[in-house]
Amino acid sequence: TSVDFTPISVKQHKAILKTDDNILLTMFQFNININDMILENININKQDILLVDKASVLLGLKESQTNGNIKLTINDTKHEIDLKSHIQTFKDIKIYKKVLERVVSLNNFKVRCKAPTIYYDNSINKSIKSELKGKREDTLIESMGEIFVYEILKFIEGIDTESLSIDFQELTFDQKVQVCEMIPLELSNKIIEYINEVKLLEQKYTKCKDIEGRDIELPLSVTLFAGD
């Protein structure tokens, strides 16, 4: 679907380039700012934009800042990309519904997985940043296990067993974390496999060639917006 969006403002551009003293918090803040920008600038129902749409929307917003070409330095190598032509290939990319939703199970324990919306991803990211704020950097490194759980819960719609059914939309952030920590490790590995499959969809949009014909992957990071 083609949608209209308003260009990135100076204020928004400044926000997504802002960094924090802590790399981990900078990562979360960047994602929050990017998500905020997408939700503010896209003229459709915010609940209709999935996380798998993020790459195409972000590159579209970037292209609106340029005359069609962008210059980026990736791994110390300079590239020039005809972004306008690359974006025109997006209409041929197919995203199958079976990838967007899946039920993974272990015995009678079932987890309903779903690719999250950008709106939902953003709400979780804000809760994560709130949890991590104020922690020292060495403590943050120790919190990587918690962050692992946080990322998993983004893709869970609900959990069903023989005796109960849990809808994640009805839970608080802390309750979601508690439920995720109770998922058997073998089952959580299946959820991770699903998450990785969803995230592979991003590469359909980010893989391209520069004007010299070299294969590259466009970074959905500060690099994309600091490149010019």
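Now for a quick tour of the structure. Quantities reported herein were computed from a predicted structural model and do not represent experimental measurements.

## Quick word on the nonpolar core
Here is step 1 of the chain: If you look at the biggest cluster of nonpolar residues, it comprises 66 residues, and the most contacted ones within it are Leu153, Ile156, Ile191 and Leu218.
Here is step 2 of the chain: The dominant element in this core, judged by the number of residues it contributes, is helix H2 (residues 23–41), at eight residues.
Here is step 3 of the chain: Beyond its immediate stretch of four places on either side in the chain, isoleucine 191 contacts Val104, Val111, Cys113, Ile152, Ile156 and Ile183.

## Digging into the pattern of salt bridges
Here is step 1 of the chain: Overall, the coordinates contain nine salt bridges when judged by the stated rule.
Here is step 2 of the chain: We note a salt bridge from lysine 154 to glutamate 151, for which the minimum N-O separation is 3.1 Å.
Here is step 3 of the chain: Accessibility expressed as a relative area gives 23% for glutamate 151, which makes it partly exposed.
Here is step 4 of the chain: In this structure, the salt-bridge partner of aspartate 210 is arginine 214, at a minimum N-O distance of 2.7 Å.
Here is step 5 of the chain: With a relative accessible area of 5%, aspartate 210 lands in the buried category.

Definitions and cut-offs
- Residues numbered from 1 in each chain as written.
- Predicted model: local features only at pLDDT ≥ 70, side-chain atom pairs only at ≥ 80, totals over all residues.
- Heavy atoms only, no water.
- Core = buried A, V, L, I, M, F, W, Y, C linked by side-chain atoms within 4.5 Å.
- Buried < 20%, exposed > 50% of the residue type's maximum accessible area, 1.4 Å probe, protein only.
- Helix = DSSP H or I, 4+ residues; strand = E, 2+ residues; numbered from the N terminus.
- Contact = heavy atoms within 4.5 Å.
- Salt bridge = Lys/Arg side-chain N within 4 Å of Asp/Glu carboxyl O.

These values are about where atoms sit, not about what they do.
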